[in-house]
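Report on the structure
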Amino acid sequence: MTSVNLCPNCDFSLAPDNKVCPKCNQTVVVNSSILATMPTMQVGKYAKSYSKMLAADPDNQELNGYAAMCYLRLRLYDRAMPLFEKAIDENFESSEPYFMAAICLLRGKKPFVARRADINKALEYLNAANQLDEKPIYHLLLGYIKQDYFDRKYLNIEPTTQEEYDRAEALGLSEDDEKTLETLLAQQ
């Protein structure tokens, strides 16, 4: 059951269980892989729609998460982070907000230039995400952060970069996972 009552793409009224709009045939709710393939203009449209729905229901954990994901994809990190934190606080059983919040902490930059406090928090979020629902893309991001931050600064960390990459492979890392992460990181 979704909490979105209007299609973010065409504003069509939806039944509570709609995941795809019957009018425009677009997805109603977003996740990291959907956002990675969505054109930026459409992401902006979804962000605006979710924001309107949040005005009427500001404590809705799902809407907070959806809006935050859109803001992240639009590189509006200061708007995204509080919504991720709210989504995590209100629905700590979903791994996706933890993963997306870890990406948001990098603010579109390489981990090497991030503050250590942000790196530590990103690792904390990713470890929580893996405890809830271990996914290859989570280990891929852990490996990337460890490689670019810890390895480049000659700092030791366990599990190692290679162990994270190996775990991602063992879990079935796909090319789509790699493309999704690359798009979400939005690094120049």
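Along each chain, numbering runs from 1 in the same order as the chain's sequence is written. Selection of residues for local features in this predicted model requires a pLDDT of at least 70, selection of side-chain atom pairs for listing and counting requires 80 or more, and totals for whole chains, interfaces and linings are taken over all residues. In computing side-chain values, all of the structure's heavy atoms are included and hydrogens and water are not.

Observations concerning the nonpolar core
- Counting 62 residues, the largest nonpolar core has V4, V30, Y50, F84, F99 and L141 as its most contacted members.
- Helix numbering and strand numbering both begin at the N terminus, where a helix is a DSSP run of H or I of at least 4 residues and a strand a DSSP run of E of at least 2. Taken together, the elements giving at least two residues each to this core come down to α2 (40-56), α3 (61-73), α4 (77-90), α5 (96-106), α6 (116-132), α7 (136-151) and α9 (175-185).
- Residues are treated as being in contact if the distance between any of their heavy atoms lies within 4.5 Å. Not counting chain neighbours up to four residues away, the residues in contact with V4 comprise L14, V28, V29, Y50, M53, L63 and Y66. Nonpolar core, defined: a set of buried Ala, Val, Leu, Ile, Met, Phe, Trp, Tyr and Cys residues in which side-chain atoms within 4.5 Å join the residues together. Exposure classes here rest on a 1.4 Å probe applied to the protein chains alone. A residue is buried below 20% of its type maximum, exposed above 50%, and partly exposed in between.

Let's talk about the packing of α5 against α7
- For helices, the axis comes from a line fit to the C-alpha atoms of the stretch in contact; other axes are also lines fit to C-alpha atoms, and the angle between any two N-to-C directions lies between 0 and 180 degrees. Interaxial distance between α5 and α7 falls to 11 Å at its minimum, and their mutual angle equals 25°. Between α5 and α7, the angle is such that the two are roughly parallel. Crossing hand, α5 versus α7: left-handed. Residues E96, F99, A102, I103 and L106 of α5 lie in contact with α7, whose contacting residues are I137, Y138, L141 and I145.
- Put simply, Ala, Val, Leu, Ile, Met, Phe, Trp, Tyr, Cys and Pro go in the nonpolar bin, Asp, Glu, Lys and Arg in the charged bin, and everything else, Gly too, in the polar bin. Considered class by class, the residues forming the contact of α5 with α7 number eight nonpolar, no polar and one charged. In what follows, roughly perpendicular refers to angles from 65 to 115 degrees, roughly parallel to angles under 35, roughly antiparallel to angles over 145, and oblique to any angle outside these ranges. For any pair of crossing helices, the crossing counts as left-handed if the nearer helix is rotated counterclockwise from the farther one by less than a right angle, and right-handed if it is rotated clockwise.

With respect to the pattern of salt bridges
- Salt bridge, as used here: a side-chain nitrogen of Lys or Arg that lies within 4 Å of a carboxyl oxygen of Asp or Glu. Within the structure shown, the criterion is met by nine salt bridges.
- R152 is the partner of D148 in a salt bridge, and the nearest nitrogen-oxygen pair spans 3.1 Å.
- The class for D148 is buried, based on a relative accessible area of 8%.

Considering the packing of aromatic side chains
- Classification of ring pairs uses Phe, Tyr and Trp, with its six-membered ring standing for Trp, and accepts pairs whose centres are within 6.5 Å; under 30 degrees between planes counts as stacked, over 60 as edge-to-face, and the remaining range as tilted. In total, this model carries five aromatic pairs according to the counting rule given.
- Here Y46 and Y50 contribute two aromatic rings whose centre-to-centre distance is 6.0 Å and whose plane-to-plane angle is 80°, an arrangement assigned as edge-to-face. A residue pair is termed a helical-turn pair when its members lie 3 or 4 positions apart in one helix, as Y46 and Y50 do in helix α2 at four residues. Across the pair, exposure class does not vary: Y46 and Y50 are buried alike.
- In this structure an aromatic cluster arises from ring pairing among Y46, Y50 and Y66.
- Above the plane of the ring of F112 lies R152, whose end atom (NZ or CZ) is 3.8 Å from the centre. Here, a charge over a ring is recorded when the distance from Lys NZ or Arg CZ to the ring centre is within 6 Å and its angle to the ring normal is within 35 degrees.

Regarding the environment of F112
- Mapped onto the fold, F112 is located in the loop between α5 and α6.
- Distance from F112 to P22, taken between C-alpha atoms, is 45 Å for residues 90 residues apart in sequence.
- Once you skip the residues sitting within four places of it in the chain, F112 turns out to touch D148, Y149, R152 and K153.

Quick word on helix α8 (residues 161-170)
- Three or more residues of α8 are buried, namely T161, E164 and A168. Seen along its axis, α8 keeps its buried residues to an arc of 65°; they face one direction. Residues E169 and A170 are exposed on α8 and point more than 90 degrees away from its buried face.
- In this fold, the buried residues of α8 make contact with α7.
- Downstream of α8 by one or two residues, G172 has phi in the positive range, about 95°. Note that the arc is computed from the directions linking the helix axis to the C-beta atoms.

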